[in-house]
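# Chains, contacts and geometry: an overview
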Amino acid sequence: MPHVSGTPSRRGVARREQILDAAERTFAISGYAATTLRALAKNIGMTHAGILRHYASKEDLLRALLERWKNRMEAAGQAGPSSEPLVRLHLTLLGEAAGSDHPAHSFVADALRTRRERRSAVGAAEEGPALEYVAAQDGLRILSAYLPDQISPAEVTHAHFGGRRGTSGARSSADWMPEISADRPHVPPGRRPAPEDRTQEILDAASTAFAQHGYRAASLRSIATGTGLNHSTLLYYFDSKETLLEAILNRRDRDADTAYLASVTAYDKVANVYRRAVYNETVPDRVRLYSALLCEAIDPGHPAHAHFAHRYARVLDALTNELHSLQTQGLIRPDLNPRAEAAWFIALWDGLQLHAPYEGELHIPERLLHALNDLFADSVSHERRAQLLTTAA
């Protein structure tokens, strides 16, 4: 059959699909902002002009890719990405597109809403609210990307809900929770002192750039410009972008460990969760930085990958040990698996923080408090729970 003018040829359709496949892989690994059409063209043996014949711009290419993704999910009746490439792309965009000005922001927000709606339609009330479930699943995907030999999302989910089979169903909220929410603990504003030297100014500027554009897309020249320095002067303080990233991650960990408040109970890893979450609401810029880098560094080749992998392993072990100790004392339900509960809780917290820019106010501290309350044995009084989680031992 002769080609009809005005309709795409078979060769043209195949070429467009080839470009979309390459964009899906590249955006998933390097991110949308850090990918150039020239680099993408080179990867698939095309010219830059060749790609522009099919897609007028990188944003046009992204829109076409997201539209294909949406159509495929709808055709398969899926609530979310299931193939490994799409999962990776979803997680990368989840961190990168948090700003409302990102071309994928609305798509990610709509995709999250669709997953929640379909989850609610299943009617799995015993598995908790759809928002928490979907957030935890994304958190588990990220956790398993950093600890593939330790974490399987399916196994953690099965163990988490398996320990609740045969119970009286969803546990009601404790009476003390509304009182705690209405009278939150005092947490100092999360403001860092004014920079005392150029080093702190550079770290502040780089943190903002990495949070907004990602590590790979941000350049040392743009960071230098933001601090009123030239490129060579910035290199005097940090000899590479990777060295700068390392300094930012180390400072972020110090802030997270010391800036909000000292220990408040004997069970620090569990008890301080609520206070940490309240504190995080005072430092949205630092949460944004953490979320952006967490999703971007899923790629094992990313210079921050090992940092997050080590952090996850350390936090997972510490929370597991603390839950096991509480369980041994009869405070935590005996039917629960401490390791699975630790993994689920970590995933829930990170998932909620990642979803928040797309959902609006999520009241994360209170949602985490509900999740912790669900771990307690029925015999533990509400007064004792409040004491363990929110007051000094």
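Our subject is the structure listed above.
In this text, all values refer to a predicted model and were calculated from it rather than measured experimentally.

Parameters at a glance
Residues numbered from 1 in each chain as written. Predicted model: local features only at pLDDT ≥ 70, side-chain atom pairs only at ≥ 80, totals over all residues. Heavy atoms only, no water. Axes fitted to C-alpha atoms, helices over the stretch in contact; angles between N-to-C directions. Helix = DSSP H or I, 4+ residues; strand = E, 2+ residues; numbered from the N terminus. Parallel < 35°, antiparallel > 145°, perpendicular 65-115°, else oblique. Left-handed = near helix turned anticlockwise from the far one by under 90°. Contact = heavy atoms within 4.5 Å. Nonpolar A, V, L, I, M, F, W, Y, C, P; charged D, E, K, R; others polar. Salt bridge = Lys/Arg side-chain N within 4 Å of Asp/Glu carboxyl O. Buried < 20%, exposed > 50% of the residue type's maximum accessible area, 1.4 Å probe, protein only. Phe/Tyr/Trp six-rings, centres within 6.5 Å; stacked < 30°, edge-to-face > 60°. Lys NZ or Arg CZ within 6 Å of the ring centre and 35° of its normal. Core = buried A, V, L, I, M, F, W, Y, C linked by side-chain atoms within 4.5 Å.

Here we take up the packing of helix H17 (residues 338–359) against helix H18 (residues 364–373). Pairs of packed helices are described in terms of their axes, by the angle between the two and the distance that separates them. Direction vectors running N to C along H17 and H18 enclose 160°, while the axes themselves pass 11 Å from each other. Taken together, the axis directions place H17 and H18 in an arrangement best described as roughly antiparallel. Handedness of the H17/H18 crossing: right-handed. On H18, the residues touching Phe 345, Leu 348, Trp 349, Leu 352, Gln 353 and Ala 356 of H17 are Ile 364, Arg 367, Leu 368, Ala 371 and Leu 372. In the contact of H17 with H18, the residues fall into nine nonpolar, one polar and one charged.

With that out of the way, let us pick up the pattern of salt bridges. Counted according to the given criterion, the structure contains 18 salt bridges. Linking Arg 68 and Glu 24 is a salt bridge whose minimum nitrogen-to-oxygen distance equals 3.4 Å. Of this pair, Arg 68 sits in helix H4 (residues 58–76) while Glu 24 sits in helix H1 (residues 10–30); the two residues are 44 residues apart in sequence, bridging distant segments of the chain. One exposure class covers both Arg 68 and Glu 24, and it is buried. With a closest N to O distance of 2.8 Å, Arg 367 and Glu 132 form a salt bridge. Taken together, the residues span a long stretch of sequence, with Arg 367 in helix H18 and Glu 132 in helix H7 (residues 130–146) at a distance of 235 residues. Overall, the relative accessible area of 14% leaves Glu 132 in the buried class. Taken together, the salt bridges that share partners define one network made up of Glu 17, Asp 21, Glu 24, Arg 68 and Arg 72.

Let's shift gears to the packing of aromatic side chains. Within the structure shown, the criterion is met by 11 aromatic pairs. Both rings, one in Tyr 236 and one in Tyr 237, keep their centres 5.3 Å apart while their planes meet at 85°; by these two values the pair is edge-to-face. By relative accessible area, Tyr 236 is classed as exposed at 68%. Take Tyr 237: its relative accessible area is 32%, and that puts it in the partly exposed class. For the ring pair Phe 345 and Trp 349, a centre distance of 6.5 Å and an interplane angle of 70° mean the geometry is edge-to-face. Here Phe 345 and its partner Trp 349 are both found in helix H17, four residues apart, which amounts to about one turn of the helix. Residue Trp 349 is classed as buried on the basis of its relative accessible area, which comes to 15%. Here the guanidinium or amino end of Lys 58 rests over the ring plane of Tyr 32, the centre of that ring lying 4.5 Å away. Its end group placed over the ring of Tyr 312, Arg 311 keeps NZ or CZ at 5.9 Å from the ring centre.

With that out of the way, let us pick up the nonpolar core. Core analysis: the largest hydrophobic core is formed by 111 residues, its most contacted members being Phe 210 and Leu 244. In terms of residue count, the dominant contributor to this core is H17 (11 residues). The residues touching Phe 210, leaving out its near neighbours within four places in the chain, are Tyr 215, Ala 218, Ile 223, Lys 241, Leu 244, Leu 245, Ile 248, Leu 289, Ala 292 and Leu 293.

Between H7 and H17, whose axes approach to 6 Å, the crossing angle comes to 105°. In terms of orientation, H7 lies roughly perpendicular with respect to H17. Residue-level inspection shows Leu 131, Glu 132, Tyr 133, Val 134, Ala 135, Ala 136, Gln 137, Asp 138, Gly 139, Leu 140, Ile 142 and Leu 143 of H7 in contact with H17, the latter providing Ala 343, Trp 344, Ala 347, Leu 348, Gly 351, Leu 352, Leu 354 and His 355. For the contact of H7 with H17, a count of residues per class yields 14 nonpolar, four polar and two charged.

A word on the side chain of Thr 227. Position of Thr 227 among the secondary structure elements: in the loop between helix H11 (220–226) and helix H12 (231–237). Residue classification places Thr 227 among the buried positions, given a relative accessible area of 11%. Excluding residues within four positions of it along the chain, Thr 227 makes contact with Arg 198, Glu 201, Ile 202 and Ala 205.

Everything listed is a geometric property; what it means functionally is a separate question.
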